[in-house]
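Examination of the molecular architecture
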Amino acid sequence: MKKWIAAAVLIVVLLVGYIAAGPFLTVQAIRAAVKEGNTGELSKHVDFAAIRLSLRAQVDDYIVRRAGPDAQSSLFGSIGLSLASGVAGTAVDAVATPVGIGAVLEGRKLFKRFDRDAASRDAYAQVPPAEPLKELSYRFESPSRFTATVNNADGDPVVFVLTRDGLSWTVTDVRLPLEKMLP
């Protein structure tokens, strides 16, 4: 009887250990996929649809807050905000791809490359690959939610949120420092 109890306890401990190690294993798999440029493998660990929705919400919120209450209350301001949201949605669609997420994971200046006044452009295709997910800080927010934070090229934190579904972990959100990235 004691052997069965010990075996059950051992199984529970191993299962909890595997769940606790899951986000670290997922981060290592993402790091390898980005380093190799393997978008198929990256897609296994990243929910691009969820990231796209999250980034659109972040950018729309940023645009509305920057516009202020006067622009929101006027007819022309509302039309302008709608147009800006559409353009921003196109930019978000470009970021929420395996190549775009790979660039963010490597800490590249993704939005800066569109700035014509920038002294040094950091276009994704023109720079040799950097070390993906370099110098991460990790944190469990709950048993089903884990964050990994990496600094971008400007030193601003980019937070990747992993959520657990059963025994597997997937990146479902990316929190960008929009206040510092966009004008």
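Residues numbered from 1 in each chain as written. Predicted model: local features only at pLDDT ≥ 70, side-chain atom pairs only at ≥ 80, totals over all residues. Heavy atoms only, no water.

What follows concerns a nonpolar patch on the surface. On the surface, a cluster of nonpolar side chains totalling about 440 Å² of accessible area is made up of M1, I5, V9 and V13. By secondary structure assignment, the location of V13 is in helix α1 (residues 2-36). (Patch = residues over 30% accessible without salt bridge, like charges linked within 9 Å, V, L, I, M, F, W, Y side chains within 5 Å. Areas by Shrake-Rupley, 256 points an atom, 1.4 Å probe, with all protein chains shown as cover. Salt bridge = Lys/Arg side-chain N within 4 Å of Asp/Glu carboxyl O. Helix = DSSP H or I, 4+ residues; strand = E, 2+ residues; numbered from the N terminus.)

What follows is about the sheet that holds strand β1 (residues 137-142). Spatial ordering of the open sheet is given by β1-β2-β3-β4, a layout of four strands whose pairing is antiparallel. The open sheet terminates on both sides in strands that have one partner only, identified here as β1 and β4 (168-175). The sheet shows a mean angle of 25° between the axes of neighbouring strands, direction not considered. Alignment of strand β2 (residues 145-151) against strand β3 (residues 157-165), held across seven bridges, turns out to be antiparallel. By the bridge assignment, T147 is partnered in β3 with V161. Packed on one face of the sheet, α1 meets β1, β2, β3 and β4 and runs near 135° to β1. (Pairing = 2+ DSSP bridges. Axes fitted to C-alpha atoms, helices over the stretch in contact; angles between N-to-C directions. Contact = heavy atoms within 4.5 Å.)

Quick look at the pairing of β3 now. Following β2, the chain reverses through five residues before pairing antiparallel with β3; G155 in that reversal takes a positive phi of roughly 90°. Relative to β4, β3 runs antiparallel, the two being bridged by seven bridges. Considered in β4, the bridge of F160 is made with V174. The antiparallel hairpin formed by β3 and β4 contains two residues in its connecting segment, where G166 sits at a positive phi of about 75°.

This model, assessed by the stated rule, comprises seven aromatic pairs. The interplanar angle of 70° and the centroid separation of 4.9 Å between the aromatic rings of F140 and F146 together place this pair among those described as edge-to-face. Through pairs of rings, three or more aromatic residues link up here, namely F24, Y138, F140, F146 and W169. (Phe/Tyr/Trp six-rings, centres within 6.5 Å; stacked < 30°, edge-to-face > 60°.)

Taken as a whole and judged by the stated rule, the model has four salt bridges. Between E141 and R145 there is a salt bridge whose closest N-O contact spans 2.8 Å. The exposure class of E141 is partly exposed, given its relative accessible area of 32%. Between R175 and D173 there is a salt bridge, with its nearest N and O atoms 3.9 Å apart. Owing to a relative accessible area of 15%, D173 belongs among the buried residues under this scheme. (Buried < 20%, exposed > 50% of the residue type's maximum accessible area, 1.4 Å probe, protein only.)

Examined against the element boundaries, T39 turns out to sit in helix α2 (residues 39-45). Residues T39 and V99, 60 residues apart in the sequence, show an inter-C-alpha distance of 7.5 Å.

Turning our attention to helix α4 (residues 75-95). In this model α4 runs 30 Å from its N-terminal to its C-terminal C-alpha over 21 residues, within 8% of the 30 Å that 1.5 Å per residue would give. Regarding α4, the residues found buried are G77, L81, A88, G89, V92 and V95. On an axial view of α4, the arc spanned by its buried residues comes to 120°, and they lie on one face. Among the exposed residues of α4, those oriented more than 90 degrees off its buried face are L75, F76, L83, V87 and T90. (Expected span 1.5 Å × (residues − 1). Arc of directions from axis to C-beta.)

In terms of nonpolar packing, the biggest core is built from 31 residues, with I51, V171 and V174 touching the most fellow members. Secondary structure elements with two or more residues in this core: α1, α3 (48-73), α4, α5 (98-105), β2, β3 and β4. Examining the composition of this core, we find that six residues originate from one element, α3, more than from any other. Not counting residues up to four positions away in its chain, the partners in contact with V174 are I51, S54, L55, Q58, I101, V158, V159 and F160. (Core = buried A, V, L, I, M, F, W, Y, C linked by side-chain atoms within 4.5 Å.)

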